[in-house]
Amino acid sequence: MSGEESTRELETQREDVRQAAADLVRGAVEALDGTASHTRGGFDGCESAFPDEFRSYQYNASGRVDVGPGAARPFLDALGPVLTAAGFEEPVLRERPGGQSLVAEKGQIVAGFSEFPEQGDYVLVNLRGPCVEVPKDDRDKWLNRRDPSPYL
């Protein structure tokens, strides 16, 4: 893949993941009568080529929804419909250390809501796009690329 093609693919992925993340955070805020914070994203390396260099990159977005006083545990019960309303496939519940995640896919985007009951009344939102191989001459550019603006 040429540098121009990989740049176009990663920029498109960035917009798709940011839009999906915004939709999911808005839906979670509404479902849990909560507030959103820490809505950010950026490019991360996937496959290492050697120290401090990656062969491929993907766009990741994350956020946090602090749950309102009227929401009941488990918070993830209210979020399956948020995923499907945003066009994601039927979500799957997965156990993880200290909590659970509700994970679903939409095309090549993977999204998840995570709840950690012992840590507080909030839900984390994480999305990632597919890995895209980048030509050797462009790898440093993606490793150091910053995305400072929140998506919501």
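Residues numbered from 1 in each chain as written. Predicted model: local features only at pLDDT ≥ 70, side-chain atom pairs only at ≥ 80, totals over all residues. Heavy atoms only, no water.

Attention shifts here to the nonpolar core. With 34 residues, the main nonpolar core has Leu24, Leu79, Leu83, Phe88, Phe113 and Leu127 as its most contacted residues. Of all the elements in the fold, those that place two or more residues in this core are helix H1 (3-32), strand S4 (56-66), helix H2 (80-85), strand S6 (99-106), strand S7 (109-115) and strand S8 (122-128). Here this core takes nine residues from H1, the largest share from any one element. Setting aside residues no more than four positions away along its own chain, Leu79 makes contact with Ala28, Ala31, Leu32, Leu102, Phe113 and Val123. (Core = buried A, V, L, I, M, F, W, Y, C linked by side-chain atoms within 4.5 Å. Buried < 20%, exposed > 50% of the residue type's maximum accessible area, 1.4 Å probe, protein only. Helix = DSSP H or I, 4+ residues; strand = E, 2+ residues; numbered from the N terminus. Contact = heavy atoms within 4.5 Å.)

Right, let's talk about the pattern of salt bridges for a bit. A complete count under the given rule lists eight salt bridges for this structure. Here Arg8 and Glu4 are joined by a salt bridge, their closest N and O atoms 3.7 Å apart. Of the two residues, Arg8 and Glu4 both sit in helix H1, four residues apart, roughly one turn of that helix. With relative accessibility at 48%, the residue Arg8 sits in the partly exposed group. Among the ionic contacts, a cluster of salt bridges with common partners joins Arg73, Glu115 and Asp121. (Salt bridge = Lys/Arg side-chain N within 4 Å of Asp/Glu carboxyl O.)

Where the residue is not glycine, phi is negative for most of them; where a peptide bond is considered, it is trans in most cases. With an omega dihedral of -10 degrees, the bond running from Arg73 to Pro74 counts as a cis peptide bond. With respect to the secondary-structure elements, Pro74 resides in the loop between S4 and H2. With phi around 50 degrees, Asp33 is a residue other than glycine that occupies positive phi space. The topology assignment puts Asp33 in the loop between H1 and strand S1 (35-45). Taking relative accessible area as the criterion, Asp33 reaches 56% and is therefore assigned exposed. Its identity as a non-glycine residue notwithstanding, His38 has a phi of 55 degrees, on the positive side. Relative to the elements of secondary structure, His38 occurs in strand S1. By relative accessible area, His38 is classed as partly exposed at 46%.

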